[in-house]
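The lines below spell out each chain.
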Amino acid sequence: QIFLRGENNARDPAQIQKIREKWGLDKPFIVQYGTWLKRLIIHGDLGNSFTSQQPVVKSWMARLPATLKLNVAQLILVFTLSIPLGIICAVRQYSWVDYLSQTFSFLGFSMPTFWIGLMLILFIALPSGGAIPTNGYQSYDVTPETHTWLGIFLDRARYMILPLATLTISGMAVITRYMRNSMLEVLKEDYIRSARAKGLSERVVVYKHAMRNALLPIITIMGAFIGTMFDGAAITEIIFSWPGVGQYGLGAVTSQDHPVVMALLLFGFLLGTLASFGTDIVYTLVDPRIRYS
């Protein structure tokens, strides 16, 4: 019985029944869910972890900063690199830049995240002789008492290189391809030909008229990226022993730690809802034709 962890691994049937009653596991599933929902709504309590006996919120908040640092850095890199690259590939279609970018996109899209991470460890981390760490979040001897803020930042940055590169490669492969295809469709529209016929420079046509409309599908994808921030990097966090929410959640699933799993699903739902709402707002800023009454 996995839920017996933290209970001295008792094996006596009477003790097992007592523990089941303590955690409410002897009741039907719908009753357990109702009890959890009632406790959440009335008291704002997500319960305690079966394995650590600690409040779920406390354990989750302890791992949230690591996940936020990794995923926010990924979002910034992916979208600041992929959008300009997609535009260049669309404007210079069939050029060597386009062919090289498309090859990268096909490879990055087809390679699993865990395989990318393992290849980075094999061909980058191992030849570096330990200069680029393969696991962990920071060095134990690098603390505010012994190092300046710059030393702490550089130490954390070393540990972020491989997991951030893994997520960025897989993310760029998707966004670059979407941006290129969206831009190509927009460049074929009649109003683009009209803008060029009026004598506007190609820079104005591309970046002022075409790009704003081509960004609409990318905004939708950005909302999906943000909505899956907590669980999208779980495999990467496990490969590089990154102490984030994704690794915590996947460990809870494998150990059947129900309170933790329920809490992470709830947070994922709330984040996805907020991301969807934010996407609708950004639509109105990018495309003035969109209005919500």
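Everything numeric in this text was worked out from a predicted model, so none of it was measured. (Residues numbered from 1 in each chain as written. Predicted model: local features only at pLDDT ≥ 70, side-chain atom pairs only at ≥ 80, totals over all residues. Heavy atoms only, no water.)

1. Let's talk about the confidence of the model for the protein
In this model, the protein carries an average pLDDT of 84, and 93% of its residues clear a pLDDT of 70 or more. Ranking the elements of the protein by mean pLDDT puts helix α9 (residues 229–232) last, at 63, and helix α5 (residues 113–125) first, at 91. Across residues 1–8, where pLDDT falls below 50, the model places 22 contacts with residues more than four positions away in sequence or in other chains. (pLDDT = per-residue confidence, 0-100. Helix = DSSP H or I, 4+ residues; strand = E, 2+ residues; numbered from the N terminus. Contact = heavy atoms within 4.5 Å.)

2. A word on the side chain of T166
Structurally, the position occupied by T166 is in helix α6 (residues 149–187). With relative accessibility at 1%, the residue T166 sits in the buried group. A distance of 2.9 Å separates the side chain of T166 from the backbone oxygen of L162, its partner in a polar contact. In contact with T166, not counting residues within four places along its chain, are T113, I116, G117, L120, T236 and F240. (Buried < 20%, exposed > 50% of the residue type's maximum accessible area, 1.4 Å probe, protein only. Polar contact = N/O pair within 3.5 Å; in protein donor to acceptor, adjacent residues only side chain to side chain.)

3. As for the packing of helix α3 (residues 56–91) against helix α8 (residues 202–227)
Where α3 meets α8, the axes come as close as 11 Å, and the angle between the chain directions of the two elements is 140 degrees. The angle between α3 and α8 falls in the class oblique. Between α3 and α8 lies a crossing whose hand is right-handed. Each of Q74, L75, F79, I83, I87 and V91 in α3 lies in contact with α8, whose residues at this interface are V206, Y207, M211, L215, I218, M222, F225 and I226. Considered class by class, the residues forming the contact of α3 with α8 number 13 nonpolar, one polar and no charged. (Axes fitted to C-alpha atoms, helices over the stretch in contact; angles between N-to-C directions. Parallel < 35°, antiparallel > 145°, perpendicular 65-115°, else oblique. Left-handed = near helix turned anticlockwise from the far one by under 90°. Nonpolar A, V, L, I, M, F, W, Y, C, P; charged D, E, K, R; others polar.)

4. Brief notes about unusual backbone geometry
Excluding glycine, most residues fall at negative phi; most peptide bonds, likewise, are trans. The backbone phi angle of Q53 is positive, close to 65 degrees, even though this residue is not glycine. The topology assignment puts Q53 in the loop between α2 (29–43) and α3. In the Ramachandran plot, S241 falls in the positive-phi region, its phi being about 50 degrees despite a non-glycine side chain. Taking the relative accessible area as the measure of exposure, S241 reaches 36% and is therefore partly exposed.

5. Observations regarding the environment of K58
Tracing the backbone through its elements, the reader meets K58 in helix α3. Sequence separation of K58 and N48 is 10 residues, and the distance between their C-alpha atoms is 9.3 Å.

6. A few points about the packing of aromatic side chains
Across all of its chains, the model carries three aromatic pairs by this definition. Taking 5.0 Å as the distance between ring centres and 80 degrees as the angle between the ring planes, the aromatic pair formed by Y137 and W242 counts as edge-to-face. Remark: W242 occurs in the loop between α10 (234–239) and α11 (245–254) and Y137 occurs in the loop between α5 and α6; sequence separation between them is 105 residues. Y137 gets classed as buried once you look at its relative accessible area, which sits at 17%. Of note, R203 hangs over the ring of Y207, and the distance from its end group to the ring centre comes to 5.5 Å. (Phe/Tyr/Trp six-rings, centres within 6.5 Å; stacked < 30°, edge-to-face > 60°. Lys NZ or Arg CZ within 6 Å of the ring centre and 35° of its normal.)

7. With respect to α5
Taken residue by residue, α5 has I116, G117, L120, I121 and A125 as its buried positions. For α5, the angular spread of the buried residues around the axis is 140 degrees, confining them to a single face. Those residues of α5 that are buried are in contact with α4 (96–110), α6 and α10. (Arc of directions from axis to C-beta.)

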